[in-house]
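Listed below are the residues making up each chain.
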Amino acid sequence: MGRLDTGKLPPELLERLVLRRIGTRRPEVRLGAALGEDAAALDLSGDLCVAASDPITGAGRQAGWLAVHVNCNDIAATGAEPVGILLTVLLPEGATTADLEDIMAGAEEAARETGCQIIGGHTEVTPGLPQALVMATALGRAPRGRLVGSGGARPGDDIVLTKWAGLEGTAILAVDFPEELAARGVDMATLESAARLGRWLSVLPEARIAAAHGAHAMHDVTEGGVLGAVYELLHASSAACGRELGCELEGAAIPVRPETSAICAALDADPLRLIGSGALLVATDRAEALVEELATAGIPAARIGRVTAEGGRWIAGTGGERRPLEPPAGDELWRVRARLAAG
């Protein structure tokens, strides 16, 4: 295990640890990741090119794997297919070759799982970083006329959520803070099961099904959790149609895994405000048929509310009480991490 020097990687290390890990080779890639190449080129033969970019800042481990999946989810939520990933890895001083290899092994695994190719990026050791920072830009292709945005929801549409709330945050907390959670009463079986929830992180399968079913809008659940994602979908759709749209959410209908409930209870966190990559919001007028088709494909989903023509945005509780849907603020993951880090 060799320590990495500050600055750009030597060519030998770049070739051995980074450039060999490109995931799935795609025919659209005409110019890909290589020593001395600073750009990539894709031939999409007339299709639309869709791009998305996000960093991974809240996960200590699995950052490379998460970076690929999270950005491919943004592509999938438009109805597009991921093709290429540009990956930037900034390592703190004192990082080792093993640290970089771990990040790239995860990125390569995710690229194979999503069927995309790592086509370039940048890797260096950067002074002043407390931990590795991984940023990715995903590029995808969509046939003209098949693009789905977050702003297409219509009054009367049902809102469907795939999988469960707080998926990504649950897995991150279980992987990064097992001892702290165990000390707060979360049993080992729950922690092990929570750590495995990462296998549900991709929304590609359900996005393909929802797009084929004529979804009006799709939005993947990230920072701010399910409630933040609903607010953002309504904001985008209101801007697109020129009037304020509302919603009636059924809080009891929003599915939450037992592992998420246990971890959030131990940390006094709201699972509906916890970062939730792996879940997809769909606005549709064919909710029942969509939920059935997703179930046939092995993807759990539930109708959690509807879009209204009025501007009020409400969440109904189990006792019939209603509370307003607030704009997304800081994610619960950040608040919890700060508390755990402080002991």
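Above this text sits the structure in question.
Computed from a predicted model, the values in this text were never measured in an experiment.

A. Seen up close, the overall build of the protein chain. Helix and strand counts for the protein chain come out as 11 helices and 14 strands. The C-alpha radius of gyration of the protein chain comes to 20 Å, within 12% of the 20 Å expected for a compact globule of 343 residues. By principal-axis analysis of the C-alpha atoms, the protein chain measures approximately 60 × 55 × 35 Å. Counting all 343 residues of the protein chain, 53% fall into the buried class. Across the protein chain, the centroid of the 31 positively charged side chains sits 3 Å from that of the 46 negatively charged ones.

B. Just the side chain of Glu168, in detail. Following the sequence through the fold, Glu168 ends up in helix α4 (residues 167–176). It is Arg337 that comes nearest to the buried, bridge-free Glu168 among opposite-charge side chains, at 9.8 Å.

C. Seen up close, the packing of α4 against helix α6 (residues 188–195). Viewed as axis vectors pointing N to C, α4 and α6 meet at an angle of 125°, and their least axial separation amounts to 7 Å. One element, α4, and the other, α6, form an angle in the oblique class. For the pair α4 and α6, the sense of crossing is left-handed. Mapping the contact onto sequence places Thr170, Ala171, Ala174 and Val175 in α4 and Leu191, Ala194 and Ala195 in α6. For the contact of α4 with α6, a count of residues per class yields 6 nonpolar, 1 polar and no charged.

D. Here's a closer look at the pairing of strand β11 (residues 280–284). β11 sits mainly inside the fold: 5 of its 5 residues count as buried. Along β11, one buried face is formed by Leu280, Val282 and Thr284 and the opposite face, lined by Leu281 and Ala283, is buried too. Sheet analysis places strand β8 (residues 158–162) next to β11, joined by 4 bridges and oriented antiparallel. When the sheet's bridge partners are listed, Asp158 is paired in β11 with Thr284.

E. Structural detail: α6. All buried positions along α6 are accounted for by Thr190, Leu191, Ser193 and Ala194. Taken around the axis of α6, the buried residues stretch over an arc of 165°, which confines them to a single face. Along α6, the residues that are exposed and aim more than 90 degrees away from the buried face are Met188 and Ala189. Contacts made by the buried residues of α6 are with α4, α5 (178–183) and α9 (258–267). Between the side-chain oxygen of the N-cap and the backbone nitrogen of Ala189 there are 3.1 Å, and the N-cap of α6 in question is Asp187.

F. Highlighting the packing of helix α7 (residues 204–212) against helix α10 (residues 287–296). The geometry of α7 relative to α10 is characterised by a closest axis approach of 10 Å and an angle of 140° between their N-to-C directions. Once α7 is placed against α10, the crossing between them reads as right-handed. Here Glu206, Ile209 and Ala210 of α7 come into contact with α10, specifically with Leu290, Glu293 and Leu294. Classifying every residue of the contact of α7 with α10 by side-chain character gives 4 nonpolar, no polar and 2 charged.

G. Inspection of the state of the cysteines at higher detail. Tallied over the full model, the rule gives 0 disulfides. Free of any disulfide, Cys49 has its nearest neighbouring cysteine sulfur in Cys72, separated by 13 Å. Here Cys72 stays free of any disulfide, with the sulfur of Cys116 as its closest cysteine sulfur at 3.8 Å. Classification of Cys72 as buried rests on a relative accessible area of 0%.

Parameters and conventions
Residues numbered from 1 in each chain as written. Predicted model: local features only at pLDDT ≥ 70, side-chain atom pairs only at ≥ 80, totals over all residues. Heavy atoms only, no water. Helix = DSSP H or I, 4+ residues; strand = E, 2+ residues; numbered from the N terminus. Rg over C-alpha atoms; globule rule 2.2 N^0.38 Å. Buried < 20%, exposed > 50% of the residue type's maximum accessible area, 1.4 Å probe, protein only. Lys, Arg positive; Asp, Glu negative; His and termini not counted. Charge placed at Lys NZ, Arg CZ, Asp CG, Glu CD. Salt bridge = Lys/Arg side-chain N within 4 Å of Asp/Glu carboxyl O. Axes fitted to C-alpha atoms, helices over the stretch in contact; angles between N-to-C directions. Parallel < 35°, antiparallel > 145°, perpendicular 65-115°, else oblique. Left-handed = near helix turned anticlockwise from the far one by under 90°. Contact = heavy atoms within 4.5 Å. Nonpolar A, V, L, I, M, F, W, Y, C, P; charged D, E, K, R; others polar. Pairing = 2+ DSSP bridges. Arc of directions from axis to C-beta. Polar contact = N/O pair within 3.5 Å; in protein donor to acceptor, adjacent residues only side chain to side chain. Disulfide = S-S within 2.5 Å.

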